[in-house]
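# A structural walkthrough
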Amino acid sequence: MNDLSAYHRDTQALHAGRDPDANEGVVNPPVYHCSTVIFESVEELLETRRDRASGAYVGFTYGREGTPTTRAFEDAITLLEGGYRAVVTSCGLGAICASLTAFLSAGDHLLIVDSLYGPARAFCEDFLKKFGVEVTYYPPSIGDGIEALFQPNTKVVYLESPGSLTFEITDVPAITRLCRARGITTIMDNTWGSPFCFRPLSHGVDVSINAATKYISGHSDLMLGIAVCTEDKFIPVKKTASGSGYCGGPDDIYMALRGLRTLPLRMRQHQQSATRIATWLQGRPEVARVLYPALPDDPGHALWKRDFTGASGLFGLVLNACTDRQLAAMLDHMKLFRLGYSWGGYESLAVPTYPSDLRSAQKWEAPGPSIRLHVGLENVDDLIADLEAGFARLAAAA
Ligand SMILES: *Cc1c(COP(=O)(O)O)cnc(C)c1O
């Protein structure tokens, strides 16, 4: 395969993880449907056992540990994010759980950002605490101040920037610098930015997680996760993911690779459309605040501009005070911004959000209810008309 390291990320996204010359000239990699792998001899079988035991995971042993299709996707995302190797998991949450449990044991301390993805918070509360891990939440704006929260048993600092639902930007390099100096492992959820907008490992992060369910696959039709690791973190994450049974299915991996080819194009359009809609929303009397770091007056804008190479189509808005009935009147009848979880597909989505239920380090203050919008690839004027009709229903329900 060509060495792609010198190419622009747009070119890398198109050519990574495929090798027509090694595959009869076929452009895309084959999909291996696989549980069993046949060995030529007992010697070869023992060789793969040694390979697994050492954690090298070079060869193919059994479907759960990955196939050439899995490896193609792992190699592609590794190239884009700049790492040693990656580990595919059955979904984004699987990559989070495997990465956390790889580095934490009973008696260890975990520092975790207060604005993290809700189900990841639930994993800390419902499972890690049960297994004796001490968990402290830190405000996303903490920066260097995180040092004051370090304990002798702090093993992992977990980041997500911008935060889920509220979209605060964290000073990632400030935190990773302090962690590196103390040997604390850093894990970051990079799903909002995708490999196109942010490269966590270039900012000192050890393990970068993407829910490939979202932008990488881009079509709302599969579940998949991936964790890109530095060299010394790969084996613990791989062992934990394999040992906990978090493997991805071959067709889903293939479709994620297919989605990856258009990631740069889609992300540019998501950002352009989201910026126009976010700016339009700022001028609406129903809207108190728009939470989108790509806007020049957003509190996270300077850090976003310094560290990110783009923005996605996902942002929040806080409405002025209104009743639950008014909010439902708006959201129940949207024609393009349909009501549903997840995001990162080609289509627009909306959900009401309840950030105060998911904050413990810092109180969430807002004059009214909040909404999360995913701006898809539809025509922007059509999307604005949909929101405008929604605001008219909200006013009529007063
Ligand atoms: C959706 C999401 C995940 C989880 O991914 P799944 O594939 O749904 O398990 C993790 N982090 C963030 C920020 C997400 O939005």
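To start, this report covers the structure provided alongside it. (Residues numbered from 1 in each chain as written. Predicted model: local features only at pLDDT ≥ 70, side-chain atom pairs only at ≥ 80, totals over all residues. Heavy atoms only, no water.)

### A few points about the packing of helix α10 (residues 263-282) against helix α13 (residues 380-396)
Running from N to C, α10 and α13 point in directions that differ by 30°, and their axes come no closer than 10 Å. When the axes of α10 and α13 are compared, the pair comes out roughly parallel. Crossing geometry of α10 relative to α13 is assigned as right-handed. On α13, the residues that touch Ser-273, Arg-276, Ile-277, Trp-280 and Leu-281 of α10 are Val-380, Asp-381, Leu-383, Ile-384, Leu-387, Glu-388 and Phe-391. (Axes fitted to C-alpha atoms, helices over the stretch in contact; angles between N-to-C directions. Helix = DSSP H or I, 4+ residues; strand = E, 2+ residues; numbered from the N terminus. Parallel < 35°, antiparallel > 145°, perpendicular 65-115°, else oblique. Left-handed = near helix turned anticlockwise from the far one by under 90°. Contact = heavy atoms within 4.5 Å.)

### Comments concerning the nonpolar core
Counting residues in each nonpolar core, the largest one holds 109 residues, and the members touching the most others are Phe-73, Leu-100, Leu-110 and Phe-315. Of the domains in this structure, domain 1 (9-260) and domain 2 (263-396) are the two that each give at least three residues to this core. Those residues in contact with Phe-73 that lie beyond four places of it in its chain are Val-88, Ala-212, Ile-216, Leu-224, Ile-226, Ile-253, Ala-256 and Leu-257. (Core = buried A, V, L, I, M, F, W, Y, C linked by side-chain atoms within 4.5 Å. Buried < 20%, exposed > 50% of the residue type's maximum accessible area, 1.4 Å probe, protein only. Domains from an automatic or database assignment.)

### Looking at the state of the cysteines
For the coordinates displayed, the defined rule picks out 0 disulfides. Between Cys-91, a cysteine without a disulfide, and Cys-97, which holds the nearest cysteine sulfur, the sulfur-to-sulfur distance is 7.5 Å. Residue classification places Cys-91 among the partly exposed residues on the basis of a relative accessible area of 21%. (Disulfide = S-S within 2.5 Å.)

### Thoughts on the site of the ligand
Contacts to the ligand come from 14 residues, most closely from Gly-92, Leu-93, Asp-189, Thr-213 and Lys-214. A distance of 2.8 Å is found between an oxygen atom of the ligand and a backbone nitrogen or oxygen belonging to Leu-93. Within the side chain of Lys-214, an N or O atom sits 2.6 Å from an oxygen atom of the ligand. Within the complex, the protein chains bury 93% of what would otherwise be the 380 Å² of accessible surface of the ligand. Looking at the shell around the ligand, the element that brings in the most residues is helix α4 (residues 92-103), giving 3 residues. Grouping the amino acids of the shell around the ligand by side-chain chemistry returns 7 nonpolar, 4 polar and 3 charged. (Near = heavy atom within 4 Å. Polar contact = N/O pair within 3.5 Å; in protein donor to acceptor, adjacent residues only side chain to side chain. Areas by Shrake-Rupley, 256 points an atom, 1.4 Å probe, with all protein chains shown as cover. Nonpolar A, V, L, I, M, F, W, Y, C, P; charged D, E, K, R; others polar.)

### What about unusual backbone geometry?
Residues apart from glycine generally show negative phi values, whereas peptide bonds are mostly found in trans. Along the chain, Ser-161 connects to Pro-162 via a cis peptide bond; the corresponding omega equals -5°. By the element assignment, Pro-162 lies in the loop between β4 (154-160) and α6 (172-182). You will see that Ser-220, though not glycine, has its phi angle at about 55°, which is positive. Positive phi, close to 70°, is recorded for Ser-342, a residue that is not glycine. You can call Ser-342 partly exposed: its relative accessible area is 28%.

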